[in-house]
Amino acid sequence: MRPLRAALLAMAVALPAAVAPAMAQEPPRVIVRPGLHEGFVRVAFNWPRRVPYTVERDGDTVDVRFSQPGRLDVAPLERRMPRGVEGVELLPDGLRLRLRPGAEIRHALVGETLAFDILDDAPPRRARA
């Protein structure tokens, strides 16, 4: 009876360690989509919850990094690359955007969404008479 008890105890200890990785929660999917607005274009990062972020700019390259893991889905952005964005590259913790030379940016959290705006320096369209 003792060998059976020892085997059951060993299984009870080993089973949680083997099952834990399979039960680990996958990072959330974050849809990255473009939007056209009057005077600017927006790249929206749609998180399921509010996530802290940082923005680092070096010339015309901007790195947007998040404090929590997420699976960034950039397909919508790549399908409709907005004016002002010349390239996109996934980073381990975020996204690198190559902007048109001299582009101005602003960013803010709006609820759970990071709104990253590229300001348009084109003159505003005149309304038709």
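Details of the structure are given in the entry above.
Residue numbers restart at each chain and count upward from 1, following the sequence in its written direction. Restriction of local features to residues with pLDDT of at least 70 applies here, the model being predicted, together with a cutoff of 80 or more for giving and counting side-chain atom pairs; totals for whole chains, interfaces and linings are based on all residues. The side-chain values count all of the structure's non-hydrogen atoms but skip hydrogen atoms and water molecules.

### Regarding the overall build of the protein
What the protein contains, in helices and strands, is two helices and nine strands. Sequence-ordered secondary structure for the protein, helices as α and strands as β, is α-β-β-β-β-β-α-β-β-β-β. When a residue's accessible area, from a 1.4 Å probe over protein chains only, is under 20% of the maximum for its type it is buried; when over 50% it is exposed; and in between it is partly exposed. A buried classification covers 29% of the 129 residues belonging to the protein. Expressed as a percentage of contacts within the protein between residues at least 6 apart in sequence, the contacts between residues at least 24 apart total 54%. Elements are defined by DSSP. Helices are runs of H or I of four residues or more, strands are runs of E of two residues or more, and each kind is numbered from the N terminus. Here, two residues are considered to be in contact whenever any of their heavy atoms come within 4.5 Å of each other.

### Structural notes on the pairing of strand S9 (residues 113–119)
In the case of a regular strand, side chains alternate between the two sheet surfaces. Most of S9 sits out of view: six of its seven residues are buried. Strand pairing requires that DSSP identify at least two bridges connecting the strands. For strand S2 (residues 40–46) and S9, the ladder comprises seven bridges, and the chain directions are antiparallel. Directly across from Phe-40, in S9, lies its bridge partner Leu-119. Pairing geometry for strand S8 (residues 104–110) and S9, over seven bridges, is antiparallel. Opposite Glu-104, over in S9, you have Leu-119 as the bridge partner. The hairpin formed by S8 and S9 contains two residues between the paired strands, and Gly-111 there has a positive phi angle of roughly 65°.

### Brief notes about the packing of aromatic side chains
Note on aromatic contacts: the rings of Phe and Tyr and the six-membered ring of Trp form a pair at centre separations within 6.5 Å, being stacked when their planes are under 30 degrees apart, edge-to-face when over 60 apart, and tilted otherwise. Inspection of every chain in the model, using the stated rule, returns two aromatic pairs. With 5.0 Å between their ring centres and 55° between their planes, Trp-47 and Phe-66 make a pair best called tilted. Placement of the pair is Trp-47 in the loop between S2 and strand S3 (53–58) and Phe-66 in strand S4 (residues 61–66), with a sequence separation of 19 residues. Residue class for Trp-47 comes out buried when judged on its relative accessible area of 6%. Note on criteria: charge over ring means Lys NZ or Arg CZ within 6 Å of the ring centre, with the direction from the centre no more than 35 degrees off the ring normal. Looking at Arg-106, its charged tip hangs above the ring of Phe-40, at a distance of 4.5 Å from the centre.

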